[in-house]
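One letter stands for each residue in the lines below.
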Amino acid sequence: MVDWTHLKELHETVGTRQILAMFDADPNRAETFSAQVGDLRFDYSKTLVDAPVMEALTDLCDQADVAGRRAAMFGGERINETEDRAVLHTALRNLDGGPVISGAIDVMPEVLATLERMRFFSDAVRSGEKAGAGGAFTDIVNIGIGGSDLGPAMAALALAPYHDGPRCHFVSNVDGAHIADTLRGLDPKTTLVIVASKTFTTIETMANARTARAWMEEGGGDPAKQFAALSTAQDKTAAFGINDAHVFGFEDWVGGRYSVWGPIGLSLMLAIGPKGFDAFLRGGQAMDRHFQAAEWHENLPVLLALIGIWHHQICGYPTRAVLPYDQRLARLPAYLQQLEMESNGKSVAMDGSALSVPSGPIVWGEPGTNGQHAFYQLIHQGTGVVPCEFMIAAQGHEPDLAYQHRLLVANCLAQSEALMRGRSLDEARARMADKGLEGAELERQARHRVFPGNRPSTTLVYPLLTPFVFGQIVALYEHRVFVEGIIFGINSYDQWGVELGKELATSLGPVVDGTQSAAGKDGSTAALVDFVHRHGGAA
């Protein structure tokens, strides 16, 4: 258990300072409070941290034995203690890193064999050698939910410039509108459906899979040729009618929200090809090596975690905005919502005792510049402080639109500067005077134009969003969550919070379809079910 006392004492002093003044006092502040690995540069100088704060923050890593727990994770120990599992998603991108032992067994031969099967399958689909009833596949529909959807959907969009395979579509919601809208316009004879469910029992996924199979059969497609499964339940996939050669399994030491690196990423591999997928894996592997080797003050995942802890656990800011100035990272905030909030949204420590500090923050965001015309009003002038995490590429993939990318970069950098700098009342008064206002009206209008400033932000900048760089970014955030969880003393790799709702949904099924009464349900639930029945919702 870590001691938060010193950091809270430091905050009482540092919290009264102005970030801008810290730059005036230290001309080298931008370099001192930045770190770089490969093509990623992380700038956290626009925060209220100083050298004593950083020393106290990095001391948390030693108190919590982050190094020891890190070695245990990479070494295959069962650090997911509540489920008695190892945490080895890093093995999925360990292309040439040697053996990874878990339970006295080297997992790498099976990992590499599965990856090779994925490459073989992808090459056959992309070349047209493996085809549907109507010829070469034109479209892929990935059906999953949670990590089986968010990861590949986010990644496929992020790496759109590298797509040279079939078009990718993603279905997750059990709402029939999602799959109906996705399948509309697709050819059931040239569509490959991938069902992603480790157990092949996930209610939402299997409901959508059955709908897709019926659609394909009615449209003249051949499910035996045109369905694949990402699952370990080969008996169930066979019963569903999926060819064993189209089934790709993964072990229980791969959590759903960490699974895009393996078979769950098959749709991404089909879109960008095995070479592009390998580059993505190598980016993740490079971040793994950096995370294991770098000192705390140079370690990007550690720094990202510590700044987040400073803002949430010490400063008391309840939310964190992730703001990628990259349209193709539009799904990254949603992906990081799950990664952070499902991993670290806990209230008890490993030993079952109550946490002494808040656990993970609320994570949210949208791509810039869209957010500037939506919620940035609150970020700049609202009564609460929202730490912002900006991301920007130095260049875009469209050289003929370089002017627009320069506008994008300017907007990103301007927002972080504006959050820090703000605008004083005197500055606002001068602006209103220049517009010819006087007296009480000048004062009234000026107050509406004050920006408090001194609001913290970080910036992650990279040259170009390539598969390799994208792999670095995803792994960076994975390890950030790990470091935070170790310092909090929680298990970041279980998710019991999703279980109760699932259980109740199962029990409510017969009540909603009218085959069972609502007796025993609370008054609100019973009344809502009655409303649904009266308006045609019963079977």
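Everything below is about the structure printed above this text.
All values derive from a computational prediction rather than experimental measurement. (Residues numbered from 1 in each chain as written. Predicted model: local features only at pLDDT ≥ 70, side-chain atom pairs only at ≥ 80, totals over all residues. Heavy atoms only, no water.)

Chemist: Go over the sheet that holds strand 9 (residues 247-248) with me, naming the residues and quoting the values.
Modeler: With parallel pairing, the five strands of this open sheet are ordered in space as 6-5-7-8-9. Two strands lie at the open edges of the sheet, namely strand 6 (167-171) and strand 9, each paired on one side alone. Taken together, the five bridges between strand 5 (residues 139-143) and strand 7 (residues 191-196) define a ladder with parallel strand orientation. Each residue of the ladder has a partner; that of V141, found in strand 7, is V193. The sheet contacts of helix 7 (residues 147-158) involve strand 5, strand 6 and strand 7, and relative to strand 6 the element is tilted by about 150°. (Pairing = 2+ DSSP bridges. Helix = DSSP H or I, 4+ residues; strand = E, 2+ residues; numbered from the N terminus. Contact = heavy atoms within 4.5 Å. Axes fitted to C-alpha atoms, helices over the stretch in contact; angles between N-to-C directions.)

Chemist: Please provide a residue-by-residue account of the packing of aromatic side chains, values included.
Modeler: Taken as a whole, this structure holds 14 aromatic pairs when the rule is applied. Ring geometry for F200 versus F240: centroids 5.7 Å apart, planes at 80°, classification edge-to-face. Of this pair, F200 sits in the loop between strand 7 and helix 9 (203-218) while F240 sits in helix 11 (residues 234-240), and the two are 40 residues apart along the sequence. Residue F200 is classed as buried on the basis of its relative accessible area of 5%. (Phe/Tyr/Trp six-rings, centres within 6.5 Å; stacked < 30°, edge-to-face > 60°. Buried < 20%, exposed > 50% of the residue type's maximum accessible area, 1.4 Å probe, protein only.)

Chemist: Can you tell me about a negative patch on the surface, naming the residues and giving the values?
Modeler: Taken together, the side chains of D3, E9, E12, E55, D59, D62 and D65 define an acidic patch exposed on the protein surface. Where the negative patch is concerned, the elements lending two or more residues are helix 1 (5-14) and helix 4 (51-63). Ranked by residue count, the leading element in the negative patch is helix 4, at three residues. Among the structural elements, D59 can be located in helix 4. (Patch = residues over 30% accessible without salt bridge, like charges linked within 9 Å, V, L, I, M, F, W, Y side chains within 5 Å. Areas by Shrake-Rupley, 256 points an atom, 1.4 Å probe, with all protein chains shown as cover. Salt bridge = Lys/Arg side-chain N within 4 Å of Asp/Glu carboxyl O. Lys, Arg positive; Asp, Glu negative; His and termini not counted. Charge placed at Lys NZ, Arg CZ, Asp CG, Glu CD.)

Chemist: Now, about the nonpolar core: what can you tell me, with residues and values included?
Modeler: Within the largest apolar cluster, 120 residues are counted, with the highest numbers of intra-cluster contacts made by L40, W310, F470 and I487. At 13 residues, helix 19 (residues 467-488) tops the list of elements feeding residues into this core. (Core = buried A, V, L, I, M, F, W, Y, C linked by side-chain atoms within 4.5 Å.)

Chemist: Pulling in residues and values, what's your account of the pairing of strand 13 (residues 457-462)?
Modeler: Each regular strand displays side chains that alternate between the two surfaces of the sheet. For strand 13, the buried fraction is high: five of the six residues fall into the buried class. In this sheet, strand 13 lies alongside strand 2 (residues 40-43) in antiparallel orientation, the contact comprising three bridges. Of the residues in strand 13, the one forming a bridge with R41 is V461. Here strand 12 (residues 388-393) runs beside strand 13; their pairing, made up of six bridges, is parallel. Bridge assignment links M391 to a residue of strand 13, and that residue is L460.

Chemist: Tell me about the sheet that holds strand 11 (residues 362-364), residues and numbers included.
Modeler: In spatial order, the strands read 1-2-13-12-10-11; together these six strands make up an open sheet with mixed pairing. Either end of the sheet is taken by a strand with one partner, and the two such strands are strand 1 (34-37) and strand 11. The sheet shows a mean angle of 15° between the axes of neighbouring strands, taken without regard to direction. Inspection of the sheet shows strand 10 (residues 319-325) paired to strand 11 by three bridges, in the parallel sense. Pairing of T319 across the sheet is with I362, part of strand 11. Lying on the sheet, helix 16 (residues 402-421) is in contact with strand 10, strand 12 and strand 13; it crosses strand 12 at an angle near 155°.

Chemist: Account for the layout of surface pockets, naming residues and giving values.
Modeler: Volume-wise, the largest pocket comes out at about 1,100 Å³. Taken together, 40 residues form the lining of the largest pocket, with T202, Q495, V498, E499 and K502 sitting closest to its centre. Looking at the lining of the largest pocket, the elements with two or more residues in it are helix 7, helix 9, helix 14 (332-344) and helix 20 (499-512). For the lining of the largest pocket, the element with the most residues is helix 20, which contributes five residues. Grouping the amino acids of the lining of the largest pocket by side-chain chemistry returns 14 nonpolar, 16 polar and ten charged. Taken as a whole, the second largest pocket spans an internal volume of roughly 430 Å³. Broken down by element, the lining of the second largest pocket gets its largest block of residues, four residues, from helix 16. In terms of residue class, the lining of the second largest pocket is built from eight nonpolar, eight polar and three charged. (1 Å grid on protein atoms, 1.4 Å probe; cavity = no way out; pocket = protein on both sides within 12 Å on 5 of 7 lines; lining within 4 Å. Points joined across faces, edges and corners; volume = space filled by probe spheres on them. Nonpolar A, V, L, I, M, F, W, Y, C, P; charged D, E, K, R; others polar.)

Chemist: Hey, could you go over the state of the cysteines for me, with residue numbers and the actual values?
Modeler: Counting across every chain of the model gives zero disulfides. The thiol of C388 is not disulfide-bonded; the next cysteine sulfur, from C412, is found 10 Å away. (Disulfide = S-S within 2.5 Å.)

Chemist: Could you give an account of helix 4, with specific residues and numbers?
Modeler: Side chains of residues three or four places apart in an α-helix project in the same direction, reflecting 3.6 residues per turn. The end-to-end C-alpha distance of helix 4, which contains 13 residues, comes to 18 Å, matching closely the 18 Å that a straight helix rising 1.5 Å per residue would cover. Among the residues of helix 4, those classed as buried are V53, M54, A56, L57, T58, L60 and C61. On its buried face, helix 4 sits against helix 1, helix 5 (66-74), helix 13 (300-314) and helix 19. (Expected span 1.5 Å × (residues − 1).)

Chemist: So what's going on with empty space enclosed by the protein? Which residues, and what values?
Modeler: Across all of its chains, the model carries four cavities of 30 Å³ or more by this definition. Counted as a void, the largest cavity has a volume near 90 Å³. If you trace the largest cavity, you find 13 residues lining it, with G308, H311, R320, P387 and E389 closest to the centre. It is helix 13 that contributes the most residues to the lining of the largest cavity, four residues altogether.

Chemist: Tell me about the environment of I105, and name the residues and values.
Modeler: Here I105 lies in strand 4 (residues 105-106). Sequence separation between I105 and G76 is 29 residues; the distance between their C-alpha atoms is 9.5 Å.

Chemist: Explain unusual backbone geometry to me, and be specific about the residues and the numbers.
Modeler: The peptide bond linking G368 to T369 adopts the cis configuration, its omega dihedral lying at 10°. Here A104, not a glycine, exhibits a phi torsion of approximately 70°, which is positive. For A104, a relative accessible area of 75% gives the class exposed. Positive phi, close to 60°, is recorded for F200, a residue that is not glycine.

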